[in-house]
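Structural overview for review
So the chains spell out like this:
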Amino acid sequence: MSAQGKHLSIHGHFYQPPREDPWMDAIFPEGSAAPALHWNERICRESYAPLAFARRLDGEGRIIEIMNCYEFISFNFGPTLLTWMERHAADVYDRVLEGDRKSLARLGHGNAIAQIHHHVIMPLATDLDKRAEIAWALADFEARFKRPAEGMWLSEAAVDTRTLELLAQAGVRFTILAPRQAKQVADMGRDNWTGADEGNLDIRRPYLVELPEGRSIAVYFYDGPLSQAVAFEGLLRHGDRFWGRLSSLAGEGLLALATDGETYGHHFTFGEMALAFALSQGRAGVDGVRLSNYAAFLAENPPARRVRIHERSSWSCVHGVERWRSDCGCNAENKPGWNQRWRGPLREGLDAVKARIDRHYLGLGAGLFADPEDALVRYGRVLAGLDSEAAFAARHFKKRLTAEQRHTAWRLLSMQKWALSSFASCAWFFDDLGRIEPLNALTFCLRAMQIGMRTGLEDLEPLLLSHIGKASSNDPALGSGHDLWTHEVRPRRESTETILAQALIRLWAEGALPGAGQTASVDWPGLAVELRAAGRDADGNLHGHATITWSRESGSDECQWTWELPGRGDPLAGCVRTGEGLGAKCVPAAYLAWGKRQALAVAWARRAEAEAWERQVEETRLGAHLFLPYREAQTTQTVSERWGRYWSALAWQWIMGEVTASRDLQDFLRERGAAHPERGLLALRVGESLTELLAAEAPEYAAIRGILERAAQVGVAPDLRQAQNLFWARLLTDGPAREAGLALGFAPGVLP
Ligand SMILES: [Zn+2]
C-alpha cells in the first residue's frame, strides 16, 4: 500500500470491566443488566454481535448483505472479554477471529491489535506489573489470533515513556494515542522540535518515539473532532452522513478514527448499520478512499517525523492520569454535591496491598522459581494456553520441589493474577466508590489476599482498611469504604462450605441431586466439585464426601459434608456443615452473595420452565384436536380463559406443522397472541428451531418456508437473527432455495 492516496482506518476499542468472580472464574448475574444475565451478555447482544453480523438493507428493509464489520475496521478486544465470548458467544467470537484472518489476507496485516491485559493504567503500575500486563496481553493475542500482535492498545491511552520502552522491548511496533498527547514534533535526524497540539498536529502519518534505551516505537494519533462526533454527537444516525464526513475529511495519508467499540449498537442503536454502510463505501473505493489498518499503513509508510509525548497522559482525563487516583474533576455524570475523593484511598490501599504481595511473591518465590520475575511475566502463556502447566513448571520451577512447594508456587501465581485484576482502570473511572467496579476491584484484592494467606502471607485486611476506611461513598446509606468492605465485599469470600452449598443447590435446582452411593460433579471455570452422597442421616439430611479442585493449582481439597435442610424446604434457608466436633462449621446458604444466589435461581427457573414447556407441548399435541370449530353465532372458544393459558404451546403446534388448525383456532391464536406475555419466548423458540433446521446438512427449505408462513398467519414474528446469519453463510457456499430466502427477509437480488 503506497503512501499515495486517501486511506481510512476506523478503530474500535472493545472492552468490558473484569466481571468474573475470582473464586469461580465465572460471571454471575448483575441485576442492572436484567433481563440479560449480566452486562457482557447484554452488550454482546447490542453491539459485538450486531457488528459481527451487520445487516445492510435495501429501500424496502430487505437484507442485501450480512457484513462482518471486524473484517474492515481496526480493533482490539480485552482478553477477559474474549475469554467470556469464546465460552458464551462462540459465533461472535469466530467472526472476530475471521475478521482478523480475512484482513490479513487482504492487506497483508491483520485488523486486530492487542490490549493491556487487565486494562490497568500503565503509568501508575510498577515495572514488574507493566511487564506482566504486556507479556500476558501478547500471549493471549497470539493464542487467539495465531500470530504475534503488531500493535497494542493502551488502557485509556494512558502512556509514559517507560511503557513505550517496554512495549518496544516486547516487539510491539505501534500504539494509538489522542492528538493532545503529543507534546513536540521534529523531523527525523534534526532537532527542530516545535510544540504540538491538537490544532497543528498532522495526524495522517505515524510518528516515531525514540526511547532512552535506543529502541523506538511508532505512534498514531487519531482524529479527535471526528472521533468525538462519532462517539458523542450522533454522527451514526445516518450511514450516508457518516460516510460523507469520512470521505470529506480523507486526504493524502491515513484518516484515523478511534472510539469505544460499544459506540456502535450499544450507545447508538443501529450504529452498526451506519458503520456497515460506510465500510461498504470504503470497500468499493467510493470517492477514492481505501480502507486500511494501522499495521498495513505503517509497513508502507514508516514514520517521517519524530514526536515527544506528554508523560502520564491519557485520552479521557485532561489532567493526565489523575482520574485513576484523585478527585481531579473528571467524572461520568457530574452529580451536584458529589466528589471523587475516594479515588485516592482506593489507589493507595490497593497499591499498599500489592507492594506486600510482591514482596511475599519475590521472597517466597526465590526458593520456588528459577527466576520469580520471569516466571510471573511468562505465566500469561499458561493462562493463554500457549504453554502447558507441565512445560511451564519444567522451565520455571526449581528442580526437586516437593508436592507442597509446587502447590505453593501455583498459588503464588494465582495470587498475582487476581492482584493484577484489582487494578483494572474502571474502578476509578466512574463517580462512586459504591459502584460495581470499585467493589469488584476490592473483591479481586480480597481473593489475592486470601490465596496469599494460604501461602503464609500475613492478613493484609487491616492494611487495606487503613486506607479505604478513609474513603466514603457519596450515598450516605452505603457509608465508608470500611462499611462497603464489611457489607458488600467480605461476604463474597468463598469457603469450602459456601462452594459446597452452591454445588448442592445447583444440583437440586437442576433436578440432579445424587442419590445414596452416587456421585455428581459441578464445574465452574475456576474450580470443579465432585460430590459423593453417602446417604441420609437420622434427621433426613443428605451427607457425603467432596473433592474441590482449583483450576491452575495442583492438588485438591477433600472434606466430609452434611446438607442441613430444615424440613427439606427452601434451599437457601439450609446450610452446609463440614468437619466434626469443635472444628465443625455450618454456613447458611442465605449468606451467599446476591449474584450467586441469583445464578442458582436462574438454574431453577430454566429447568422448571423447560419441563413445564415440555409438558404443555405434550398435552397440546392431542388437546389441539379438541379445539372445536365455533357454532352459529359463537365468537370465542368455550372456557377460552383455560385455552388461553395454552396459547404458547398451541401456537407452537400449529407453527411447527404438528397439527392442522381450523380457521377458528388460527383466529384465536392471533387474537390471544397480540399481547401475550409469552410472545417473546415463543419467537425465540421458533427462531431456534429454524436455526436448527438450517444447520442440517441438506436443510428442508420447504419446511422452513412453511414455518415462517404459518407463524405470519397467527401474527408471530420469530427471532430470525441466527437463522438469517446461517442462511447467509450457506448462501455464499451452497446457494440455497430462493423461496426460503425471501421468507427469511432477504432481497430477491442477492438470492440465486
Ligand atoms: Zn481528570
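Our subject is the structure that appears above.
Residues numbered from 1 in each chain as written. Predicted model: local features only at pLDDT ≥ 70, side-chain atom pairs only at ≥ 80, totals over all residues. Heavy atoms only, no water.

**Topic: the overall build of the chain**
Our working rule: Only DSSP runs of H or I reaching four residues or more are called helices, and only runs of E reaching two or more are called strands; each is numbered from the N terminus. Computation of the radius of gyration draws on C-alpha atoms alone. For the globule rule, the value is 2.2 Å times the number of residues to the power 0.38. Exposed residues in this analysis have more than 50% of their type's maximum accessible area, buried residues have under 20%, and partly exposed residues fall in between, with area computed by a 1.4 Å probe over protein chains only. For the area figures, the Shrake-Rupley method with a 1.4 Å probe applies, and any residue is considered shielded solely by the protein chains shown. Asp and Glu count as negative and Lys and Arg as positive, but His and the ends of the chain are not part of the count. Where a charge lies is defined by one atom per residue type, namely NZ (Lys), CZ (Arg), CG (Asp) and CD (Glu).
Secondary structure summary: the chain contains 26 helices and 20 strands in total. At 29 Å, the chain has a C-alpha radius of gyration in line with the 27 Å of a compact globule built from 752 residues. In terms of its C-alpha atoms, the chain occupies a principal-axis envelope of roughly 100 × 80 × 55 Å. Looking at the chain as a whole, 57% of its 752 residues are labelled buried. Just so you have it, the chain exposes about 31200 Å², and 51% of that area is on carbon and sulfur atoms. Distance between charge centres in the chain, computed from 85 positive and 95 negative side chains, equals 2 Å.

**A closer look at the state of the cysteines**
This is how the line gets drawn: When the sulfur atoms of two cysteines come within 2.5 Å, that pair is taken as a disulfide.
Evaluation of the coordinates by the stated rule reveals 1 disulfide. Covalent S-S linkage joins Cys-575 and Cys-586, the inter-sulfur distance amounting to 2.4 Å. You can see Cys-575 sitting in strand β19 (residues 575–578) and its partner Cys-586 sitting in strand β20 (residues 585–588), a full 11 residues away along the chain.

**Considerations on the packing of helix α10 (residues 343–365) against helix α13 (residues 403–421)**
The criterion, for reference: Interaxial angle, 0 to 180 degrees, is taken between N-to-C directions of lines fitted to C-alpha atoms, where a helix line uses only the stretch in contact. Angles are sorted into four bins: roughly parallel if under 35 degrees, roughly antiparallel if over 145, roughly perpendicular if 65 to 115, and oblique for all others. By definition, any crossing whose near helix is turned counterclockwise from its far helix by less than a right angle is left-handed, and any crossing with a clockwise turn is right-handed. Here a residue-residue contact requires only that any non-hydrogen atoms of the pair lie within 4.5 Å. Nonpolar residues are Ala, Val, Leu, Ile, Met, Phe, Trp, Tyr, Cys and Pro. Charged residues are Asp, Glu, Lys and Arg, and all others, Gly as well, are polar.
At a closest axis distance of 11 Å, the pairing of α10 and α13 adopts a crossing angle of 160 degrees. In terms of orientation, α10 and α13 fall into the roughly antiparallel class. Where α10 crosses over α13, the handedness of that crossing is left-handed. Every residue of α13 that contacts α10 at Lys-354, Ile-357, Asp-358, His-360, Tyr-361, Leu-364 and Gly-365 is listed here: Thr-408, Leu-412, Leu-413, Met-415, Gln-416, Ala-419 and Leu-420. In the contact of α10 with α13, the residues fall into 8 nonpolar, 4 polar and 2 charged.

**With respect to the nonpolar core**
As a reminder of what qualifies: We call a set of buried Ala, Val, Leu, Ile, Met, Phe, Trp, Tyr and Cys residues a nonpolar core when their side-chain atoms join them within 4.5 Å.
Counting 230 residues, the largest nonpolar core has Phe-242 and Ile-655 as its most contacted members. Residue contributions to this core peak at 9 residues, all from helix α15 (residues 436–454). Residues in contact with Phe-242, not counting those within four places in the same chain, are Ile-10, Val-230, Leu-235, Leu-236, Leu-257, Tyr-264, Ala-274, Leu-275 and Ala-278.

**Side note on the coordination of the zinc ion**
Worth spelling out the cut-off: Coordination here is defined by N, O and S atoms within 2.8 Å of the metal (3.2 Å for Na, K and Ca), and since water is not considered, a site can look incomplete. When four donors show all angles between 85 and 135 degrees the site is tetrahedral, when four or six donors have opposite pairs over 155 degrees and all other angles between 65 and 115 it is square planar or octahedral respectively, and in every other case it is irregular.
Distances from the zinc ion to its protein donors, Cys-317 (SG), His-319 (ND1), Cys-328 (SG) and Cys-330 (SG), fall at 2.0 to 2.3 Å. For the zinc ion, the 4 donor atoms are set out with angles of 102 to 116 degrees between them, so the coordination reads as tetrahedral. Coordination of the zinc ion draws on donor residues from a single chain, spaced C-x1-H-x8-C-x1-C in sequence. Here Cys-317, found in the loop between β14 (305–309) and α10, pairs with Cys-330, found in the loop between β14 and α10; they are 13 residues apart in sequence, far enough to count as distant. By relative accessible area, which is 11% here, Cys-330 ends up buried.

**Topic: the sheet that holds strand β18 (residues 556–564)**
Here is the rule: Here, strands pair whenever DSSP counts at least two bridges between them.
The 6 strands lie next to each other as β15-β16-β17-β18-β19-β20, forming an open sheet whose pairing is antiparallel. The sheet is open, and its two borders are formed by β15 (519–524) and β20, each paired with just one other strand. Neighbour-to-neighbour, the strand axes of this sheet turn through a mean angle of 25 degrees, independent of strand direction. Examined bridge by bridge, β18 and β19 share 4 bridges and lie antiparallel to one another. Bridged to Thr-562 within β19 is Arg-577.

**Structural notes on the side chain of Ser-689**
Put simply, the rule reads: Each polar contact in these results corresponds to two N or O atoms within 3.5 Å; when the atoms are within protein, one needs to be able to donate a hydrogen and the other to accept it, and residues that are neighboring in sequence are counted only if both atoms are side-chain atoms.
If you trace the backbone, Ser-689 turns up in helix α23 (residues 679–695). Looking at Ser-689, its side chain comes within polar contact range of the main-chain oxygen of Val-686, at 2.9 Å. Once residues within four sequence positions are removed from consideration, Ser-689 is found in contact with Trp-652 and Met-656.

**Description of the environment of Gly-31**
Inspection of the secondary structure puts Gly-31 in the loop between β1 (6–14) and α1 (39–52). The spacing of Gly-31 and Trp-594 is 563 residues in sequence and 9.2 Å in space, taken between C-alpha atoms.

**Looking at the sheet that holds strand β10 (residues 207–210)**
Read across the sheet, 6 strands follow the order β7-β11-β10-β14-β8-β9 without closing on themselves; strand pairing throughout is mixed. Both edges of this open sheet fall to β7 (174–177) and β9 (194–195), since each of them pairs with a single strand only. Of the pairings in the sheet, the one linking β10 to β14 comprises 2 bridges and is parallel in character. Within β14, the residue paired with Leu-208 across the bridge is Arg-306. Here helix α5 (residues 161–169) sits on the sheet in contact with β7, β10, β11 (216–221) and β14, set at roughly 115 degrees to β11.

Any functional reading would require information that these geometric values do not contain.
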